[in-house]
Amino acid sequence: MSESNNSEQRLSGVIPLRDIQQKFKQHIEELLSAEKAHLPKMPAPPKPRLPRKPKAIRELETQVEQLLEERALPHLRKLKETVKKKVTGAMLELQTRTDYYTNVAEWLEHKQKMLSEADETSIYRWDTKGKYKIYYLTRPNAGKQITDNNPYVNFVDIEEFDLATEIYPTFEHPPVWDYSEYAILFFTPVFKEAFGQADVFISQIQADNERMWEEGQGKRIPPVAAEKEPDLHKLKEEIREYAKTLDFPCMGVTKLDRRHTAAKVDDELAYDTLIVLGHEMPLSNVLKIPGPSFAAFTSYRDGGHNVHKVADFIRSKGYRCLARTSADGGIKYVPHAINAGMGNYSTQGICITPEVGTRPRFVCITLDAELPLDEPRDYNIEEFCARCRSCQKVCPADAIPKDEKRFRGTLKRQTNHTRCWEYMAIQYECGLCVRICPFSILGYEQCMRALPQYYMYNLHRNEIDAELLRSSWKLEESTNG
Ligand code: SF4
Ligand code: SF4
């Protein structure tokens, strides 16, 4: 402060407050600087130091880490993958089950509806076009009543037509007969052996089949006489007599039961009256078995050819009709033959007729004439079969079942075709079941006369004694004589 200012202040007698504050601040700062100058320099606080682990522990830790890496971790990763897969699988399965139960629920609902719409003449048909593989109702079925009232034919029990006995709704539909496949796989070598040229034999069968398909589908319309034979009893007998001249020794008339026909031929079976004809495999040929006889094949071929001739005969009498050969598998002939009173079921699953035993091969004709129907009959054949079972015992392919089986609500006795065909393809033929059958060789009358002894013969035996089989009736014959 200058001397003049101080003197001014003193002179005035007042020191400004601002100056006092300034001075005081300055003084404090000076004091602090002096104090700081004497403060000791403090060292930074030491960092905490952990004690070093012993070497053994460090090595152990390294080993543990290595082991984890080598063993445990891959295992755990694998486990994780497995668990992941299982969870995904379980979810998928759950989804599938849910879909399945939804399908079944819809299927049951459909079935319920179908059953409520059914009446006494309704039948069910496997639906290959629907969303699920389910049955649908067909048109009224003329032969149903005959079958249902025929104690010699077993057929589906409506009470058993349910989930437990049906194929699941998402399964494939039953296989359809594919003649060409079997011809190539099984029969071509057989035909070649039998007839030299398999192609010729197959083309003969094929020609009659093609005629059948073309007529059934309306592509070929055979001429029908303008004048109708008015007496249907007479017509029936005339057909029978004419058929006999073409190696059809047995004939029966019934109504077509569409449960025993394939869906694919529904439209080709335009008429409901059905004539079943049995084409005879000649006994002389059957007796050549187990040597090559080819009796069945020639009979299928000739029966298929001759049935068209019988159909033409019917047309000449003024009635429309359609022939079916036995080679296309569109109709099951056995139940129809039994409905037509031609014979009874056998252990082989085929119809034994009194005329020729197991030797007929069946064909049929549907026609628009109300021919008198034949009644189903009990010929005591099943009784005989139950005590015989020779065919079942002799079958080298084990294709003939000993007992009836309940299959999808039906009691069935059916030869296992696949086993039989496979065996025949390997052996070029078989036919032992026909050759051993007493009905085929000895005839119906002799079988019936031998029935009491036959029971004794077979009661405790499991092997076939052909001599005894033949001697039983001879014995009775000589006793009676
Ligand atoms: S061989 Fe005997 S069991 Fe077999 S079909 Fe003939 S009679 Fe019946
Ligand atoms: S033909 Fe031969 S394989 Fe076929 S069912 Fe008869 S015995 Fe068995």
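Note that the coordinates shown come from a computational prediction; the quantities given were computed from them, not determined experimentally.

K.L.:
Any details on helix α7 (residues 232-244)? Residues and values, ideally.
P.N.:
The terminal C-alpha atoms of α7, which comprises 13 residues, lie 18 Å apart, in line with the 18 Å expected from a rise of 1.5 Å per residue. Of the positions making up α7, those classed as buried are L235, I239 and A243. The arc that holds every buried residue of α7, seen down its axis, measures 70°, which confines them to one face. Seen from the open side of α7, the exposed residues pointing more than 90 degrees away from its buried face are H233, K234 and E241. Looking at the buried residues of α7, the elements they touch are β3 (250-255), β4 (273-280) and α9 (295-316).

K.L.:
Give a description of helix α6 (residues 198-216) that names residues and reports values.
P.N.:
An α-helix turns once per 3.6 residues; consequently, residues spaced three or four apart project the same way. An ideal rise of 1.5 Å per residue puts 27 Å on 19 residues; α6 measures up with 27 Å between its terminal C-alpha atoms. Burial in α6 covers these residues: F201, I202, I205, D208, M212 and G216. Projected onto a plane normal to the axis of α6, the buried residues spread over an arc of 130° and lie on a single side. Of the exposed residues in α6, those oriented more than 90 degrees away from the buried face are D199, V200 and S203. Looking one or two residues past α6, G218 carries a phi angle of roughly 75°, positive in sign.

K.L.:
Tell me about the site of ligand 2, and please be specific about residues and values.
P.N.:
Close contacts around ligand 2 come from C395, P396, A397, A399, I400, T415, C420, Y423, C430, G431, L432 and C433, and that covers them all. When contributions to the shell around ligand 2 are tallied by element, the ones reaching two or more residues are α13 (417-427) and α14 (432-436). Broken down by class, the residue content of the shell around ligand 2 amounts to ten nonpolar, two polar and no charged.

K.L.:
I'd love a proper account of unusual backbone geometry, names of residues and values included.
P.N.:
Look at N380: it is not a glycine, yet its phi comes out positive at around 70°. Secondary-structure assignment places N380 in the loop between β8 (360-367) and α11 (381-388). One non-glycine residue, R389, lies in positive phi territory at about 55°. Structurally, R389 is set in the loop between α11 and α12 (390-394). What makes R389 partly exposed here is the crowd of 16 C-beta atoms within 10 Å.

K.L.:
Describe the confidence of the model for the chain, with residues and values.
P.N.:
Regions with low pLDDT should not have their predicted coordinates read in detail. On average, the chain scores 79 in pLDDT, and the residues at 70 or more come to 78%. The lowest-confidence element of the chain is helix α17 (residues 466-480), averaging 45 in pLDDT; the highest-confidence one is α7, averaging 97. This model gives residues 156-177 a pLDDT under 50, and the stretch forms 29 contacts once residues within four places in sequence are excluded. Across residues 468-481 the pLDDT falls below 50, and counting only partners more than four positions away or on other chains, this stretch makes 15 contacts in the model.

K.L.:
Any chance you could break down the site of ligand 1 for me, citing the residues and the numbers?
P.N.:
The full set close to ligand 1 counts 14 residues, and T347, C385, C388, C391 and C437 are the nearest of them. Of all the elements in the fold, those that place two or more residues in the shell around ligand 1 are α11, α12 and α15 (438-441). Considering each element in turn, the shell around ligand 1 owes the most residues, three residues, to α11. Across the shell around ligand 1, the residue classes break down as eight nonpolar, five polar and one charged.

K.L.:
Go over the sheet that holds β4 with me, naming the residues and quoting the values.
P.N.:
Ordered by their spatial adjacency, four strands build an open sheet running β3-β4-β8-β5, and the pairing between neighbours is antiparallel. Every other strand in the sheet has two partners, leaving β3 and β5 (321-324) as the edge strands with one partner each. Between one strand axis and the next, the sheet turns by 20° as a mean value, whatever way the strands run. Pairing of β4 with β8 involves eight bridges; the strand directions are antiparallel. Paired with I275 across the bridge in β8 is I365.

K.L.:
So what's going on with the nonpolar core? Residues and values would help.
P.N.:
One recurring pattern in soluble globular proteins is that nonpolar side chains are buried together. In terms of nonpolar packing, the biggest core is built from 63 residues, with I275, V276, L277, A337, C364 and I365 touching the most fellow members. Three or more residues apiece are contributed to this core by two domains, here domain 1 (179-436) and domain 2 (442-481). When near neighbours in sequence (up to four residues on either side) are disregarded, A337 contacts G252, V276, M342, G343, C351 and F362. Counting residues in hydrophobic clusters, the runner-up holds six residues, among them F191, F201, I202 and I205.

K.L.:
Help me get a handle on the pairing of β5, residues and values and all.
P.N.:
Alternating residues of β5 divide into C321 and A323 and L322 and R324, and every residue in both groups is buried. Here four bridges tie β5 to β8, and the two strands are oriented antiparallel to one another. By the bridge assignment for β8, L322 is matched with T366.

Conventions and cut-offs
Residues numbered from 1 in each chain as written. Chains lettered and ligands numbered in written order. Predicted model: local features only at pLDDT ≥ 70, side-chain atom pairs only at ≥ 80, totals over all residues. Helix = DSSP H or I, 4+ residues; strand = E, 2+ residues; numbered from the N terminus. Expected span 1.5 Å × (residues − 1). Buried ≥ 20, exposed ≤ 12 C-beta atoms within 10 Å, placed from the backbone. Arc of directions from axis to C-beta. Contact = placed C-beta atoms within 7 Å. Near = placed C-beta within 6 Å. Nonpolar A, V, L, I, M, F, W, Y, C, P; charged D, E, K, R; others polar. pLDDT = per-residue confidence, 0-100. Pairing = 2+ DSSP bridges. Axes fitted to C-alpha atoms, helices over the stretch in contact; angles between N-to-C directions. Core = buried A, V, L, I, M, F, W, Y, C linked by C-beta atoms within 7 Å. Domains from an automatic or database assignment.

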